[in-house]
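# Structural features, examined
Residues per chain are reported as follows:
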Amino acid sequence: MSVGETPITVVGNLTDDPELRFTPAGVALAKFTIASTPRTYDKTTNTWRDGTALFLRATAWREIAEHAADTLTKGMRVVATGRLVQHNWQTEQGENRSMLGLDLDDIGPSLRFATAKVTKTQRTGGGAAPAADPWSSATPAPPNAGAAAAPTGFSGEPPF
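The rules behind these values
- Residues numbered from 1 in each chain as written.
- Predicted model: local features only at pLDDT ≥ 70, side-chain atom pairs only at ≥ 80, totals over all residues.
- Heavy atoms only, no water.
- Helix = DSSP H or I, 4+ residues; strand = E, 2+ residues; numbered from the N terminus.
- Buried < 20%, exposed > 50% of the residue type's maximum accessible area, 1.4 Å probe, protein only.
- Contact = heavy atoms within 4.5 Å.
- Areas by Shrake-Rupley, 256 points an atom, 1.4 Å probe, with all protein chains shown as cover.
- Phe/Tyr/Trp six-rings, centres within 6.5 Å; stacked < 30°, edge-to-face > 60°.
- Pairing = 2+ DSSP bridges.
- 1 Å grid on protein atoms, 1.4 Å probe; cavity = no way out; pocket = protein on both sides within 12 Å on 5 of 7 lines; lining within 4 Å.
- Points joined across faces, edges and corners; volume = space filled by probe spheres on them.
- Nonpolar A, V, L, I, M, F, W, Y, C, P; charged D, E, K, R; others polar.
- pLDDT = per-residue confidence, 0-100.
- Core = buried A, V, L, I, M, F, W, Y, C linked by side-chain atoms within 4.5 Å.

### What about the overall build of the chain?
Within the chain, the regular secondary structure consists of one helix and eight strands. Counting every position in the chain, which comprises 160 residues, the buried fraction comes to 20%. Looking at the chain alone, contacts between residues at least 24 apart form 57% of all its contacts between residues at least 6 apart. When the accessible surface of the chain is totalled, it reaches about 12300 Å², and 54% of it is carbon and sulfur.

Here's what the structure looks like:
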């Protein structure tokens, strides 16, 4: 992250399915909107009151874009982290306009009111995973596999 960027985490719902595109160079790009509405409980009326909704246009690149398009759907509650960016432009009538967007670093379904099954994908850049990488296969390594023997006199208990 560069100096001066504004990191943010947003929890909200997708207003539509992610739109997956590819640049002329073949780089994946997904765009979608996340709506986040604050809710407060009104003790006098014993009801929940919705605040003003925030709509952020999110942009995901490369693997995150492809994974978001494969996984996320309209209405799904998500947790997204990224950087706030301001987009400025001028209309055909010469009016200056701006909007805030979210360049995503990560996104996933919220598990507060739902469940998800995670499938690890193979890395595409940087070659194959090292043989000693316990996450490189679906079969877990047995306990203490590859671990060094405990030092003599080590009881496994913390020293305090």
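### So, the environment of Glu5
As for its placement among the helices and strands, Glu5 is situated in the segment before strand 1 (6–14). A residue is classified by how much of its surface remains accessible, and Glu5, at 31% relative accessible area, is partly exposed. Sequence separation between Glu5 and Val85 is 80 residues; the distance between their C-alpha atoms is 8.0 Å.

### Remarks on the packing of aromatic side chains
Counted according to the given criterion, the structure contains one aromatic pair. Aromatic pair Tyr41 and Trp48: ring centres 5.2 Å apart, planes at 65°, arrangement edge-to-face. Residue class for Trp48 comes out exposed when judged on its relative accessible area of 52%.

### Things to note about the environment of Ser98
By the element assignment, Ser98 lies in strand 8 (residues 96–109). As a C-alpha pair, Ser98 and Asn88 span 10 residues in sequence and 4.3 Å in three-dimensional space. Setting aside residues up to four positions removed in sequence, Ser98 forms contacts with Gln86, His87, Asn88 and Trp89.

### Comments concerning the pairing of strand 4 (residues 39–42)
As defined by bridge partners, strand 4 adjoins strand 5 (residues 47–50) across four bridges and the pair is classed as antiparallel. Directly across from Tyr41, in strand 5, lies its bridge partner Trp48.

### Structural notes on the layout of surface pockets
Rolling a probe over the atoms, with the probe sized like a water molecule, indicates the empty space that remains. Space inside the largest pocket adds up to approximately 680 Å³. What lines the largest pocket is a set of 22 residues, and nearest its centre among them are His67, Thr71, Ile107, Val118 and Thr119. Taken together, the elements giving at least two residues each to the lining of the largest pocket come down to helix 1 (62–71) and strand 8. Counting residues per element, the lining of the largest pocket draws most heavily on helix 1, at six residues. Each residue belonging to the lining of the largest pocket can be placed in one class, and the counts come to nine nonpolar, seven polar and six charged.

### Notes on the confidence of the model for the chain
Summing up the model confidence of the chain, the mean pLDDT is 82 and the portion of residues at 70 or higher is 75%. Mean pLDDT per element in the chain: strand 4 is the minimum at 91, and strand 2 (residues 19–22) is the maximum at 96.

### Section: the pairing of strand 8
Put simply, side chains in a regular strand alternate between the two faces of the sheet. Both strand 6 (residues 54–61) and strand 8 contribute to a ladder of three bridges, which runs parallel. Residue pairing across strands places Arg57 opposite Gly101, the latter belonging to strand 8. The sheet contact formed by strand 7 (residues 77–90) and strand 8 spans 13 bridges and is antiparallel. Considered in strand 8, the bridge of Val79 is made with Gly108. Taking the residues between adjacent antiparallel strands as the criterion, strand 7 and strand 8 are bridged by five residues, where Gly94 takes a positive phi near 85°.

### A short note on the nonpolar core
Membership of the largest hydrophobic core comes to 17 residues, with the highest contact counts inside it found for Phe32, Ile34, Leu102, Leu104 and Ile107. At the level of secondary structure, the elements contributing two or more residues to this core comprise strand 1, strand 3 (28–36), strand 6, helix 1, strand 7 and strand 8. If you tally residues by element for this core, the top one is strand 3, at four residues.

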